[in-house]
Each structure stands twice: as structure tokens, then as C-alpha cells.
Amino acid sequence: MPILHGVNASPFVRKVRVAAAVKGIEYESNPLMPLGVSDEYRQKSPLGKIPCWEDGDYVLPDSSCIIAYFEKSHPEPALYPSDARQLGAALFLEEYGDTKLADTVGPFFFERVVKARFMNGEPDEGRLAELLAGEVPAVFDYLEGRAPQGGDGIVGGRFSVADIAVCSPFQNARHGGLEVDAGRWPRLAAYVDAVLGNPFFKPIVEEEVAQLASM
Ligand SMILES: N[C@@H](CCC(=O)N[C@@H](CS)C(=O)NCC(=O)O)C(=O)O
């Protein structure tokens, strides 16, 4: 059975778990924390990051690479649009979710959950207030303009890797007490609710919430 290395609360591990659920791919979880990883793990994941997929002698780090690999190994149901322009748009939104969005909302999870609960530290609320005044509304404004009118398909109205990557960091935001204000960003709020509540995300999110509560 393949192994997925990485704790479930990582937005990037969650991406892989949702993609595996869509495609019916089974695996065992190794809930590795990405802090001070061993040299042995670095052999598998040279950047020292989670997730990493290990299937016998085939080892592949990085959520985007793993999902692209799934698409070839298990083509149905497709997670990438077949139309060239939609494919480009989906890949960009995946990149945006993995970088700008994750960097903007990730600190709410880090400060209020990781630092406060697992590192015995005080959350830096000043840092979060700065984000709330600057980057958070800028990122949410951009996504409000891209969010679909209804449903869970940000590209071409069909659920894809873009939805997985854009919505996964919002679950970390939720863990950290940051919700999308539906009064200010109505489309984005409805879209995030629809995706995080869909049949692929929902059980994964529920399991993760229960795990965090028991830690
Ligand atoms: N582009 C990578 C990003 C992975 C990533 O940044 N993972 C974080 C955990 S959420 C990590 O391992 N951080 C540890 C580090 O940067 O050393 C992916 O999509 O898998």
C-alpha cells in the first residue's frame, strides 16, 4: 500500500488526500510533522517538506507533482480540465492557492493553533492584525472576482485541482478562527462553504477536526 507522509492538517497534505479520495486511491498515512525532519526523510523529500508519496521504490514529494502523477496513474475522474485555456487557468489557481493564499491565511493556523497549542508559544496577534488589514482583503477580493456563481467549480464550472488547491488553505484559516465574511465576499464565502462541504472534502475535514481536538 502506498504511504502518504505528512500530518493531515497541512493544506498540501489535504490537497493530496482529497485528490486521492476523488480518484479512489488507497494509502496509509504517516503523520509526519515537518519540523526537524530526519536525513532519511530528506532522501525522500529533498526540500524537507510534506507531503511525500511513497509507493514501493517510487517516491514523489510535492502536492502538485503528486496530484499530476495521480492524474496519469488514475485518469478518471479527471481533475484537470481538458481545454487548453481552462487547464492553464486551473494550474495558475493551484499555484495561487499554494503560495499567495497559503502564505496569507496560513499564519492564522500557525499562530493560533501550531504555536499556541503545540509550541507553548503566544500567538503573534499583531502579525495577524496586519494581515487582516492588508493581504487578507487583497487576496479575498481577487478570489471574490474568480469564485463561481454557485457550486464548486472555479474553472469551467467543474470541480478540479484548482478547487482543491484554492479551498484547502481555507480549512487552515478556519482552524485558526479566520472565516470569509459573507457580507463582504459573498461569492467567495459560498464557494468555500460548498467545496469544504462537498463529499470529498467533508469526511477528510471532519476527521482532521476530530484529530486536532484530541491532540
Ligand atoms: N509546494 C509544496 C509545499 C509543501 C509545504 O510547504 N509544506 C509545509 C507544511 S504545510 C512544510 O513541509 N514545511 C516545512 C518546511 O518548509 O521546512 C507542496 O505543494 O507540497
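Our subject is the structure listed above.
These numbers come from a predicted model, not from an experiment.

Asker: Give me the lowdown on the sheet that holds strand 1 (residues 3-5), citing residues and values where you can.
Answerer: Pairing is mixed in the open sheet, where 4 strands are placed in the order 2-1-3-4. The open sheet has two edge strands with one neighbour each: strand 2 (28-30) and strand 4 (58-61). Ignoring which end each strand starts from, the neighbouring axes of this sheet average 20 degrees apart. Inspection of the sheet shows strand 1 paired to strand 3 (residues 52-55) by 3 bridges, in the antiparallel sense. Paired with His5 across the two strands is Cys52, which belongs to strand 3.

Asker: Lay out helix 1 (residues 11-23) with the relevant residues and their values.
Answerer: The α-helix winds at 3.6 residues per turn, so residues separated by three or four positions along the chain end up facing the same way. With 13 residues, helix 1 should cover 18 Å at 1.5 Å per step; its first-to-last C-alpha distance of 19 Å lies within 8% of that length. Most of helix 1 is tucked away: 11 of the 13 residues are buried. Here helix 1 has its buried residues at Pro11, Val13, Arg14, Lys15, Val16, Arg17, Val18, Ala19, Ala20, Val22 and Lys23. On its buried side, helix 1 packs onto strand 1, strand 3, helix 3 (63-73), helix 4 (84-118), helix 7 (161-175) and helix 9 (201-214). Two to three positions downstream of the cap, the backbone nitrogen of Phe12 sits 3.1 Å from a side-chain oxygen, assigning the N-cap of helix 1 to Ser10.

Asker: Describe the nonpolar core, listing the residues and the values that go with them.
Answerer: Counting 55 residues, the largest nonpolar core has Phe140, Phe170, Leu188, Tyr191 and Phe201 as the members making the most contacts within it. Looking at which element gives the most residues to this core, the answer is helix 7, with 7 residues. Both domains that meet at this core, namely domain 1 (3-73) and domain 2 (84-214), each give it at least three residues. When near neighbours in sequence (up to four residues on either side) are disregarded, Phe201 contacts Arg14, Val18, Phe159, Asp163, Ile164, Cys167, Ser168, Val195 and Leu196. Counting 5 residues, the second largest nonpolar core, distinct from the first, contains Ala9, Val113, Val114 and Leu212.

Asker: Residues and numbers for the packing of aromatic side chains, please.
Answerer: One pass over the structure, following the stated rule, counts 9 aromatic pairs. A ring pair is formed by Phe92 and Tyr96, whose centres lie 6.1 Å apart and whose planes are at 45 degrees; its orientation type is tilted. Of this pair, Phe92 and Tyr96 both sit in helix 4, 4 residues apart, roughly one helical turn. What makes Tyr96 buried here is its relative accessible area of 11%. Ring centres of Tyr96 and Tyr142 lie 4.7 Å apart, and the angle between their planes is 55 degrees; on these two criteria the pair is classed as tilted. Note that Tyr96 is positioned in helix 4 and Tyr142 in helix 6 (residues 135-146), a separation of 46 residues in sequence. According to the relative accessible area criterion, Tyr142 is partly exposed, its value standing at 27%. The structure contains a cluster of three or more aromatic residues connected by ring pairs, namely Tyr27, Trp53, Tyr58, Tyr69 and Phe70.

Asker: Residue-level account of the environment of Glu122, with values.
Answerer: With respect to the helices and strands, Glu122 occurs in the loop between helix 4 and helix 5 (125-133). Of the residues examined, Glu122 reaches a relative accessible area of 68% and is grouped as exposed. Each C-alpha atom, one on Glu122 and one on Ile154, is 37 Å from the other, the two residues being 32 residues apart in sequence. With sequence-adjacent residues up to four places away left out, Glu122 is seen in contact with Glu111 and Lys115.

Cut-offs used in this document
Residues numbered from 1 in each chain as written. Predicted model: local features only at pLDDT ≥ 70, side-chain atom pairs only at ≥ 80, totals over all residues. Heavy atoms only, no water. Pairing = 2+ DSSP bridges. Helix = DSSP H or I, 4+ residues; strand = E, 2+ residues; numbered from the N terminus. Axes fitted to C-alpha atoms, helices over the stretch in contact; angles between N-to-C directions. Expected span 1.5 Å × (residues − 1). Buried < 20%, exposed > 50% of the residue type's maximum accessible area, 1.4 Å probe, protein only. Contact = heavy atoms within 4.5 Å. Polar contact = N/O pair within 3.5 Å; in protein donor to acceptor, adjacent residues only side chain to side chain. Core = buried A, V, L, I, M, F, W, Y, C linked by side-chain atoms within 4.5 Å. Domains from an automatic or database assignment. Phe/Tyr/Trp six-rings, centres within 6.5 Å; stacked < 30°, edge-to-face > 60°.

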